[in-house]
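Chains, contacts and geometry: an overview
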Amino acid sequence: MFEWIIEILTLLFSPFLWIFSKIFSKPKEKSKKCKVAVIGGGIAGCACAWSLKRSGFEVTIFESAASVGGNAKTHKWTLPNSKSLVTGLSVLAWPKLFFRNYGKLLEHFKIQSTQVELPFLVTSENDEILFNHGRETEWSKSHESDFKKWKKLVAFTRKINNFFCGSKVSVYNFSFINPLNLIPIRFLSKIFGVSNDFWETVFLPIHSSSFLSPNLDYVPSNVLPILEDFIPLTDVPKMQSWNENSSIVFDNLTKGIKVISSCSIKKVQYNSKTSSIIIDVITTKTKTKDNNNNNLN
């Protein structure tokens, strides 16, 4: 009985309670637009800034170099005929199978890419061609057995990885119980009978460019299938590259974002009293982009 009475009273008085709350409640303060500083203008920093801006944040990128781009930055070359050419300096292409998110980003910006071949050439100190992707040389003919053994080694490591990690194609496909985590490629290659000459003439020169180091003796063999998918030693590497160059990607990512270049971060401090972050910078001929991507000196 009492429950019915309570429900009826609630229905009768709820409109008046709502009006009362609107009249006497304090007006909500307008939320301030949050500012975010992104340190580093490589692909990760610029993509982070772009994502934050899409979420409504006011973003500033601090970049120590003269322009954004990181390892994928470009350089404008002046040609003798007064024309210019823009090319990449380090990152020239990417394996489509592994860079799926990057592919989606290009689709979003409607940036065209195409498949290209990236053959490697290894020469001796006397300029003799030792190894050339997709072409037979005297050296490769004399090391035919090494290439066959290398194929068996790659197939073996791929099979072990698939057993412990599954067959999903990803650079992050990893298992702690995979024994190949503890066995270096160098050691396993010796077990499979791959010669030292093959290791030093083909593997080291080609993959040192990826690792940016010649010290690869202790690289674990669980990464070998990924290395072969990126740059196979027994086939011509095929990757995706921009129809133009990488600068168009960074132009799209930083559109409407303030970019402060030639700026090294000295110190970052948090002020608890004002709930703000103070960034001390060292600048050398700073260039700043406005919201229309125009350079402001």
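All values derive from a computational prediction rather than experimental measurement. (Residues numbered from 1 in each chain as written. Predicted model: local features only at pLDDT ≥ 70, side-chain atom pairs only at ≥ 80, totals over all residues. Heavy atoms only, no water.)

1. Quick notes on the overall build of the protein chain
For the protein chain, the helix and strand inventory stands at 9 helices and 11 strands. Residues classed as buried in the protein chain amount to 31% of the 297 residues present. Put simply, 61% of the contacts in the protein chain that link residues at least 6 apart link residues at least 24 apart. A total of about 20500 Å² of accessible surface is found on the protein chain, and carbon and sulfur atoms cover 57% of it. (Helix = DSSP H or I, 4+ residues; strand = E, 2+ residues; numbered from the N terminus. Buried < 20%, exposed > 50% of the residue type's maximum accessible area, 1.4 Å probe, protein only. Contact = heavy atoms within 4.5 Å. Areas by Shrake-Rupley, 256 points an atom, 1.4 Å probe, with all protein chains shown as cover.)

2. Topic: the pairing of strand β2 (residues 58–62)
Burial analysis of β2 places 4 of its 5 residues in the buried class, which makes it a mostly covered element. Relative to β2, strand β1 (residues 35–39) runs parallel, the two being bridged by 5 bridges. Bridging from a neighbouring strand, Lys-35 pairs with Glu-58 of β2. Between the parallel elements β1 and β2, the chain passes through helix α2 (residues 43–54) in a crossover that is right-handed. Examined bridge by bridge, β2 and strand β9 (residues 258–271) share 3 bridges and lie parallel to one another. Along β9, the bridge assignment pairs Thr-60 with Lys-258. (Pairing = 2+ DSSP bridges. Right-handed = clockwise from strand over helix to strand, strands pointing away.)

3. Notes on the pattern of salt bridges
A side chain with one charge can pair with a side chain of the opposite charge if their charged atoms come near. This model, assessed by the stated rule, comprises 4 salt bridges. We note a salt bridge from Glu-138 to Lys-141, for which the minimum N-O separation is 3.3 Å. Within this pair, Glu-138 and its partner Lys-141 are both found in helix α4 (residues 138–142), separated by 3 residues, close to a single helical turn. Here Glu-138 falls in the exposed class, since its relative accessible area comes to 58%. The salt bridge involving Glu-144 is made with Lys-148; its shortest N-O contact spans 4.0 Å. In this pair, Glu-144 and Lys-148 are both assigned in helix α5 (residues 144–165), 4 residues apart and thus about one turn of the helix distant. A relative accessible area of 52% places Lys-148 in the exposed class. (Salt bridge = Lys/Arg side-chain N within 4 Å of Asp/Glu carboxyl O.)

4. Observations regarding the confidence of the model for the protein chain
Reading fine detail from the predicted coordinates is not recommended where pLDDT is low. On average, residues of the protein chain carry a pLDDT of 83, and 81% of them reach 70 or more. The least confident element of the protein chain is strand β11 (residues 295–296), whose mean pLDDT is 40; the most confident is helix α6 (residues 185–191), at 96. Every residue in residues 1–6 scores below 50 in pLDDT, and together they form 0 contacts with partners more than four places removed in sequence or on other chains. Below a pLDDT of 50 lies the segment residues 290–297, which in the model reaches 16 contacts outside its immediate sequence neighbourhood of four places, other chains included. (pLDDT = per-residue confidence, 0-100.)

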